[in-house]
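The chain contents come next:
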Amino acid sequence: MLNEQTMAKLYAMKLNGMAEGYEEQRQQPKMAELAFDERLGMLVDRQWRWREERALKTRLRNAKLKIQACLEDVDYRASRGVKRSQIDQLSSSEWVGYHQNVILTGPTGTGKTWLACALGQKACRDGYRVRYYVAAKLFRELSAAHVDGSFMRLSAKLTKTDLLLVDDWGMETLKESAYRDFLEILDDRQGGGATLMASQFPTELWHDTIGNPTIADAILDRLVHNAHRIKLKGETLRNPNKP
């Protein structure tokens, strides 16, 4: 009866990991041979792991990554243009903590989205808040937010995101106001967040996409200045879908 009460209290306090560990210890008679401090330490470790795993699941769910991918599966064939030394440098996610950027470019189907999601997934595993957007959807949300009066709320949410992934940049020409919104977000994020841009167009052509040279210069200055650049190449990888 006392054990059931203890379990109920642990769950009521949201100490689920400790409750599960306690139940497992009860099922193992040899646990009684361990000192109290050892058993308590095991329960605390179990609770810690449970909390960390739950937090990771939440970060991954909120990131809305398009593809399930991880850096451990990157293909380093020379024909891909992916350098192991560069991925190793990015794999610690320190670039996110230092508020640096990554620019992925390359033809359609060369694995830009896959690699972007792999970097986003690693950032989630390292404790950072991540959000993935296809560029067209991001701009639709920004436009809708102006209409319903939620632009400031959405802008604040994007500003607080540690890593913002923007995929398929430059696929369509937008109104000047849309690029101004994006510039405002980049300004708010500068020094406080990292941005990853994926595009089939090289950065040299982004001016033509944006149109207004002043806005284009400002956007590129904030993105390219401290960016790690990865230029993918080779045949399409739609099947299999990884670089």
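Details of the structure are given in the entry above.
Let me begin by describing the structure that accompanies this report.

Procedures and definitions
Residues numbered from 1 in each chain as written. Predicted model: local features only at pLDDT ≥ 70, side-chain atom pairs only at ≥ 80, totals over all residues. Heavy atoms only, no water. Helix = DSSP H or I, 4+ residues; strand = E, 2+ residues; numbered from the N terminus. Rg over C-alpha atoms; globule rule 2.2 N^0.38 Å. Buried < 20%, exposed > 50% of the residue type's maximum accessible area, 1.4 Å probe, protein only. Contact = heavy atoms within 4.5 Å. Areas by Shrake-Rupley, 256 points an atom, 1.4 Å probe, with all protein chains shown as cover. Lys, Arg positive; Asp, Glu negative; His and termini not counted. Charge placed at Lys NZ, Arg CZ, Asp CG, Glu CD. Axes fitted to C-alpha atoms, helices over the stretch in contact; angles between N-to-C directions. Parallel < 35°, antiparallel > 145°, perpendicular 65-115°, else oblique. Left-handed = near helix turned anticlockwise from the far one by under 90°. Nonpolar A, V, L, I, M, F, W, Y, C, P; charged D, E, K, R; others polar. Patch = residues over 30% accessible without salt bridge, like charges linked within 9 Å, V, L, I, M, F, W, Y side chains within 5 Å. Salt bridge = Lys/Arg side-chain N within 4 Å of Asp/Glu carboxyl O. Pairing = 2+ DSSP bridges.

What follows deals with the overall build of the protein chain. Of the regular secondary structure elements, the protein chain holds 11 helices and 5 strands. Over its C-alpha trace the protein chain gives a radius of gyration of 23 Å, far above what one expects of a compact globule, namely 18 Å for 243 residues. By principal-axis analysis of the C-alpha atoms, the protein chain measures approximately 75 × 50 × 30 Å. The proportion of buried residues among the 243 residues of the protein chain is 44%. In the protein chain, once contacts between residues fewer than 6 apart in sequence are set aside, the share between residues at least 24 apart is 79%. Of the roughly 13600 Å² of accessible surface on the protein chain, 51% is carried by carbon and sulfur atoms. Measuring between centres, the 37 positive side-chain charges of the protein chain sit 3 Å from its 32 negative side-chain charges.

Turning our attention to the packing of helix α2 (residues 16-26) against helix α3 (residues 36-63). In the contact formed by α2 and α3, the axes pass within 7 Å of each other and the chain directions differ by 135 degrees. One element, α2, and the other, α3, form an angle in the oblique class. In this structure, α2 crosses over α3, and the sense of that crossing is right-handed. Across the interface between the two elements, N16, G17, M18, E20, G21, Y22, E24 and Q25 from α2 touch R39, M42, L43, V44, R46, Q47 and W50 from α3. Its residues assigned to classes, the contact of α2 with α3 shows 6 nonpolar, 5 polar and 4 charged.

A cluster of nonpolar residues, F36, L40 and V44, forms a patch on the protein surface that exposes about 300 Å² of accessible area. With respect to the helices and strands, the residue L40 is situated in helix α3.

Turning our attention to the sheet that holds strand β5 (residues 227-231). Pairing is parallel across the open sheet formed by 5 strands, whose spatial order is β2-β3-β4-β1-β5. Of all the strands in the sheet, just β2 (130-134) and β5 have a single pairing partner and so form its edges. Across the sheet, the axes of successive neighbouring strands diverge by a mean angle of 10 degrees, strand direction being ignored. Bridge analysis of strand β3 (residues 163-167) against strand β4 (residues 194-199) gives 4 bridges, and the strand direction is parallel. Bridging across to β4, L165 finds its partner in L196. Against the sheet, helix α4 (residues 84-91) makes contact with β1 (101-105) and β5, and its axis sits at roughly 140 degrees relative to β5, the strand it touches most. Strands in contact with helix α9 (residues 176-189) are β3 and β4; relative to β4, the strand with the most contacts, it is inclined by about 145 degrees.

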